[in-house]
Amino acid sequence: MDLSNLVIVLKAALSPNPAERKAAEDSLNQYQYTPQHLVRLLQIVVDGNCDMAVRQAASIHFKNFIAKNWAPLDPEEQCKILPSDKDVVRQNILVFVAQLPPLLRAQLGECLKTIIHADYPEQWPGLLHWVTHNLQDQQVYGALFVLRILARKYEFKSDEERIPVYHVVEETFPHLLNIFSRLVQIANPSIEVADLIKLICKIFWSSIYLEIPKKLFDPNVFNAWMALFLNMLERPVPLEGQPVDPELRKSWGWWKVKKWTVHILNRLYTRFGDLKLQNPENKAFAQHFQKNYAGKILECHLNLLNAIRTGDYLPDRVTNLILQYLSNSISKTALYNLLQPRLDVVLFEIIFPLMCFNDNDQTLWEEDPHEYVRKGYDIIEDLYSPRTAAMDFVSELVRKRGKENLQKFILFIVEIFKRYEAASIEFKPYRQKDGALLAIGALCDKLKHTEPYKSELESMLVQHVFPEFASPVGHLRAKAAWVAGQYAHINFSDSNNFRKALQSVVAGMRDPELPVRVDSVFALRSFVESCKDLSEIRPILPQLLDDFFKLMNEVENEDLVFTLETIVDKFGEEMAPYALGLCQNLAAAFWKCINTSEGDEEADDPGALAAAGCLRAISTILESVSRLPHLFAHTEPTLLPIMRRMLTTDGQDVFEEVLEIVSYLTFFSPTISMEMWSLWSLLLEALADWAIDFFPNILVPLDNYISRGTVHYLTCKEPDYQQSLWNVLSNIMSDKNLEDNDIEPAPKLIEVVFQNCKGQVDHWVEPYIRLTVERLRFTERPYLKCLLVQVIANALYYNPSLTLNILQKLGVATEVFNLWFQMLQQTKKSGARANFKREHDKKVCCLGLTSLLTLPSDQLPGEALERVFKATLELLVAYKDQVAAAKDEPEDDDDMDDGLETDDDEDDMGDDAEDGDDADSLRLQRLAAQAKSFRPADDDDDDSDDEFSDDDELQSPIDEVDPFIFFMDIAKAMQASDQVRFQNLSQTLDFRYQALATGVSQHADQRRVEIEKEKLDKANAAAAAS
């Protein structure tokens, strides 16, 4: 397509007629990969005679095409842009970028970013020469614009990846310093000068963000830069030309320069000027900075802050950054001494006014209460807020310099409380009272632990906070709720005070003002957590939940859902009557949040966070009613649409939360419905396509399907569950690109199949063994090796004769058993076993090896029999010791090693699930334990026990099998059926093994007695219950 036709097509792409527009877009897509298409788009962008709308359309197409095709993500993919076209683009884009209007320049800037990130320095070595040449020429703005993009490429790079930026600094910083010096000397500078200085500041920021380039260690060079930055910091911002509109004003060039200057000086101080944080080679630099500049910067910052006292303008972001510097100065003696003479002015005339409710708050409260709420609970807003920075300053001051400042500040707050109390209604300082309450809430942690304030808190709340629940002023009612929530956990000497506050917070949930309702819900969470007598809340629970969901309908906020989770958690099974309604309301809220977030491109939008919160709350509800399985069938129809949609790529942001819901429904429901079985294919599709990181979470419901729906799993052919599971597991286990820890759940799933389908999946034994042995050959991670060997052990327990024949048929029997016995013998320096660390691992190995003893002598000759028998005896003793050690450990002790060792100097921390919970909650623990024990370990150290997580609460068919009784029954059967063989075996056992055998035999007898007693106790308990 030639240039003139391309212009016509771009014009048509802007047509209001949909058909014409569609035809133009199709044409552009059709010709986009033809040679010179990209070059022609650039020609149109830079053609000043062309219509601006067409140029803009060309710039957007140009940008999108470069973003997608300049450097394909897949290294295997061939680049669709000719090298000759790339050369033309690189040569011309630099020339024109500075000459274009801002709208088009922004699009080409994005293109440059893509090209520089992909090509510099290897494919574009001439770029730096072009920049340095033009910094000395008339093209200064263009050179700075490009250099800013180049420097930004390395802003967050560290170590070796940063090396190219040092060369950039060497070549360009001398020129930047000259340009900066000349610009600073211009009298009555224009806004264009501000734009140039701002670019220089941004280049400097990117270049020093992670590390100071060595060039700046030269004191002369660094001093020259600092003189310029201090000049910009002290210099008043020109009054002429400042926009009146506050939004435009804060983005005005000279205020931007001020912001970037403060930003750079803060970064230099916090990152490089603190002696405690410095590595040895930067120590001299840090000392130089502390001695010569830290105090000067503080003085300048304090002078700037005066604007707040005098009512002059200072952008919020600049105020926030200055207060951050002041907060960092509190702990440094030299700087604190400089601050001290002006501290009272700073604290009472600058910091405190920033904490008070102001005109902007009032406007937002009245005109857009939803935005007021969003800003109040947005973490990102906090990063830029002067109020948050003021609260941080006060907190840091009383934490680090509390002796001389806490009492003084509290007396100031008390004085405001008194003035407020004494004034008549029309003259009450409502905004100051709001600031005082905010201060009291912010200092909560300090006051709760410091006398004499600690003992006065209750009377302070009763006298100065709780009355504001009835204030005629909305923001004070909201602040009273917030402060009450901060202090809900203190010990109230008069329980009526707690009760009244709780009632006021609950009443606040029906306040006419939205922010009051929201703050009341958040405060309620603390009251519910602190409530010792739930009868305070129980009677109002239905009304509470009703108010809660009304509010959720109005506001999407993750913190709202936390309050609901707290209520559900606290009331447990008492939530049963509300469970269905809660799930329905939460599901409705979830869909609303999802629809909102789909229309919002921001990664951290509150809708997406609240959606995840809704699903977590649903899980909390399901957990609370887990002992009432009939309720699960009622909740299923509400939750199925969420699960169906969110188990696809649509649900990647909430996949973990959805899997938890699937796990609860497949485990606690009386039976797994056909509708729930329909999710099986979605789980496997996700696992095969994109969800390998979630394999441990997916394992839990898959286990539930097989173990709780075994008959359906085995008999259904449309779909064929057995085949589909094999397809996915075989692809995963044979994929050499997958890390060992990625596939750890796969052998666990094979175990689930063999253990639950004993005698019914003979035709799958050979394929799974073949797959396991193949993966074993290139497995490095010890834990995965153990899991793969356990597949063999499970197969032997499933059918020892069939399994041994398969191993021999594949020619791997000797190889597999040699590896297994070698792994059983391996120990760490401490003497602890290096492999098969969990009780479960040992038990599976015991059952597999013991099963071999059932084989006749033609399948298991004498030498092999002796080897298996001895290995099993040793393993049984290790298992016995580990079980005994676990019983002796405190309930919540996670530090269990191999059952015996306590002096191991390696990291043997385990992740044992707790053993001591009541039997009636074991079912519920299973899900938590399942997820925990299935969690992949992420430490590749051979000695790591990160993956050692015992799973005693995990239910599996082998739970009912006692390995000692199993072993003794088989040994006795062998003795009865082939006495000569048994006698020969006995004669090979030395004294030690005979002693081990006697011990195992005695323990088996003891276990028989214990098991009988357990059965009798259960029967008696059941009879008593009925």
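Note that this is a predicted model, so its numbers are computed, not measured.

Topic: the overall build of the chain
Consideration 1: Of regular secondary structure, the chain possesses 50 helices and 0 strands.
Consideration 2: Here the C-alpha coordinates of the chain stretch approximately 110 × 80 × 65 Å along the principal axes.
Consideration 3: Looking at the chain as a whole, 53% of its 1026 residues are labelled buried.
Consideration 4: In the chain, 74% of the contacts between residues at least 6 apart in sequence involve partners at least 24 apart.
Consideration 5: Split by element, the accessible area of the chain, about 46500 Å² in all, is 51% carbon and sulfur.
Consideration 6: Between the mean site of the 104 positive side-chain charges and the mean site of the 159 negative ones, the chain shows a separation of 5 Å.

Observations regarding the nonpolar core
Consideration 1: Residues Trp225, Leu268 and Trp820 are the most contacted members of the largest nonpolar core, which totals 340 residues.
Consideration 2: Filtering out sequence-adjacent residues up to four positions away, Trp820 remains in contact with Val789, Ile792, Ala793, Leu796, Phe836, Cys845 and Leu849.
Consideration 3: Counting residues in each nonpolar core, the second largest holds 5 residues, with Phe357, Trp365, Ala478 and Val516 among its members.

Description of helix 37 (residues 695-708)
Consideration 1: When the terminal C-alpha atoms of helix 37 are compared, their 20 Å separation across 14 residues agrees well with the 20 Å that a helix rising 1.5 Å per residue should span.
Consideration 2: Taken across its 14 residues, helix 37 has 11 buried, putting it largely inside the fold.
Consideration 3: Among all positions of helix 37, only Phe695, Pro696, Ile698, Leu699, Val700, Pro701, Leu702, Asp703, Asn704, Tyr705 and Ile706 are buried.

Examining the packing of helix 22 (residues 402-422) against helix 25 (residues 453-465)
Consideration 1: Viewed as axis vectors pointing N to C, helix 22 and helix 25 meet at an angle of 20 degrees, and their least axial separation amounts to 13 Å. The angle between helix 22 and helix 25 falls in the class roughly parallel. As helix 22 packs across helix 25, the resulting crossing turns out to be left-handed. On helix 25, the residues touching Leu406, Gln407, Ile410, Phe417 and Glu421 of helix 22 are Tyr453, Gln463 and His464.
Consideration 2: Looking at the contact of helix 22 with helix 25 residue by residue, the class counts come to 4 nonpolar, 3 polar and 1 charged.

Describing helix 1 (residues 3-12)
Consideration 1: Buried within helix 1 we find Leu6, Val7, Val9, Leu10 and Ala12.
Consideration 2: Buried residues belonging to helix 1 abut helix 2 (18-31), helix 3 (37-46) and helix 4 (52-69).

A closer look at a negative patch on the surface
Consideration 1: A cluster of acidic side chains, namely Asp569, Glu623, Glu656 and Glu660, defines a negative patch on the protein surface.
Consideration 2: Here Glu623 is to be found in helix 32 (residues 606-624).
Consideration 3: Its relative accessible area of 34% is what places Glu623 among the partly exposed residues.

Here we look at the packing of aromatic side chains
Consideration 1: Across all of its chains, the model carries 56 aromatic pairs by this definition.
Consideration 2: On the basis of an interplanar angle of 70 degrees and a centroid distance of 5.8 Å, the ring pair of Trp205 and Trp260 is categorised as edge-to-face. In this pair, Trp205 is assigned in helix 10 (residues 191-208) and Trp260 in helix 13 (residues 253-272), connecting sequence segments 55 residues apart.
Consideration 3: Summarising the aromatic geometry, the rings of Trp764 and Tyr768 are spaced 6.0 Å apart at their centres and angled 45 degrees between planes, so their arrangement reads as tilted.

Topic: the environment of Pro472
Consideration 1: Along the chain, Pro472 falls in the loop between helix 25 and helix 26 (474-486).
Consideration 2: The exposure class of Pro472 is exposed, given its relative accessible area of 65%.
Consideration 3: Taking the C-alpha atoms as reference points, Pro472 and Ile425, separated by 47 residues in sequence, lie 9.4 Å from one another.
Consideration 4: Apart from the residues lying within four places of it in its own chain, the contact partners of Pro472 are Tyr430 and Arg477.

What to know about the environment of Val505
Consideration 1: Looking at where Val505 falls in the secondary structure, it is placed in helix 27 (residues 495-508).
Consideration 2: Looking at Val505, the relative accessible area reads 0%, which means it is buried.
Consideration 3: On a C-alpha basis, the gap between Val505 and Phe522 in space is 9.3 Å, while along the polypeptide they are 17 residues apart.
Consideration 4: Aside from chain neighbours lying at most four places away, what touches Val505 is Phe469, Ser520, Ala523, Leu524 and Phe527.

Looking at the packing of helix 5 (residues 83-97) against helix 6 (residues 102-119)
Consideration 1: Interhelical geometry of helix 5 versus helix 6 gives an angle of 140 degrees and a closest axis separation of 11 Å. Here helix 6 runs oblique to helix 5, going by the angle between their axes. The two elements helix 5 and helix 6 cross, and the hand of that crossing is left-handed. Listed contacts from helix 6 to Val89, Arg90, Ile93, Leu94 and Val97 of helix 5 are Arg105, Leu108, Cys111, Leu112, Ile115 and Asp119.

Some words on a nonpolar patch on the surface
Consideration 1: Together, Ile380, Leu383 and Tyr384 make up a nonpolar patch on the protein surface, roughly 280 Å² of accessible area in all.
Consideration 2: Secondary-structure assignment places Tyr384 in helix 20 (residues 379-384).
Consideration 3: Tyr384 sits in the partly exposed class, given a relative accessible area of 41%.

Side note on the pattern of salt bridges
Consideration 1: Inspection of the entire model under this criterion finds 42 salt bridges.
Consideration 2: Here Arg616 and Glu565 are joined by a salt bridge, their closest N and O atoms 3.9 Å apart. Note that Arg616 is positioned in helix 32 and Glu565 in helix 30 (residues 558-571), a separation of 51 residues in sequence.
Consideration 3: Looking at Arg616, the relative accessible area reads 22%, which means it is partly exposed.
Consideration 4: Judged by its relative accessible area of 16%, Glu565 falls in the buried class.
Consideration 5: One connected set of salt bridges, linked through shared partners, spans Glu371, Arg374, Asp378 and Glu381.

Quick look at the confidence of the model for the chain
Consideration 1: Averaged over the chain, the pLDDT score is 89; the fraction of residues at 70 or greater is 92%.
Consideration 2: Counted against residues more than four places away or in other chains, residues 892-923, with its pLDDT under 50, gives 82 contacts.
Consideration 3: Low pLDDT, under 50, characterises residues 931-953; the stretch is placed with 88 contacts to residues that sit more than four places away or in other chains.

Focus on unusual backbone geometry
Consideration 1: Backbone torsion omega between Glu451 and Pro452 reads 5 degrees, so that peptide bond is classified as cis.
Consideration 2: Checked against the element boundaries, Pro452 lands in the loop between helix 24 (444-448) and helix 25.
Consideration 3: Cis geometry marks the peptide bond from Glu718 to Pro719, where omega comes out at 0 degrees.
Consideration 4: We note that Gln36 has phi near 75 degrees; this positive angle belongs to a residue other than glycine.
Consideration 5: In this structure, Gln36 sits in the loop between helix 2 and helix 3.

Thoughts on the environment of Val237
Consideration 1: Within the secondary structure, Val237 sits in the loop between helix 11 (219-234) and helix 12 (246-250).
Consideration 2: Classification of Val237 as buried rests on a relative accessible area of 13%.
Consideration 3: Those residues in contact with Val237 that sit more than four places away from it in its chain are Gln242, Trp252, Trp254, Trp255 and Lys258.

Some thoughts on the state of the cysteines
Consideration 1: Taken as a whole and judged by the stated rule, the model has 0 disulfides.
Consideration 2: Left without a disulfide partner, Cys300 is nearest to the cysteine sulfur of Cys201, which lies 15 Å away.
Consideration 3: The cysteine Cys593 is free of any disulfide, with Cys614 supplying the nearest cysteine sulfur at 4.6 Å.

Criteria and cut-off values
Residues numbered from 1 in each chain as written. Predicted model: local features only at pLDDT ≥ 70, side-chain atom pairs only at ≥ 80, totals over all residues. Heavy atoms only, no water. Helix = DSSP H or I, 4+ residues; strand = E, 2+ residues; numbered from the N terminus. Buried < 20%, exposed > 50% of the residue type's maximum accessible area, 1.4 Å probe, protein only. Contact = heavy atoms within 4.5 Å. Areas by Shrake-Rupley, 256 points an atom, 1.4 Å probe, with all protein chains shown as cover. Lys, Arg positive; Asp, Glu negative; His and termini not counted. Charge placed at Lys NZ, Arg CZ, Asp CG, Glu CD. Core = buried A, V, L, I, M, F, W, Y, C linked by side-chain atoms within 4.5 Å. Expected span 1.5 Å × (residues − 1). Axes fitted to C-alpha atoms, helices over the stretch in contact; angles between N-to-C directions. Parallel < 35°, antiparallel > 145°, perpendicular 65-115°, else oblique. Left-handed = near helix turned anticlockwise from the far one by under 90°. Nonpolar A, V, L, I, M, F, W, Y, C, P; charged D, E, K, R; others polar. Patch = residues over 30% accessible without salt bridge, like charges linked within 9 Å, V, L, I, M, F, W, Y side chains within 5 Å. Salt bridge = Lys/Arg side-chain N within 4 Å of Asp/Glu carboxyl O. Phe/Tyr/Trp six-rings, centres within 6.5 Å; stacked < 30°, edge-to-face > 60°. pLDDT = per-residue confidence, 0-100. Disulfide = S-S within 2.5 Å.

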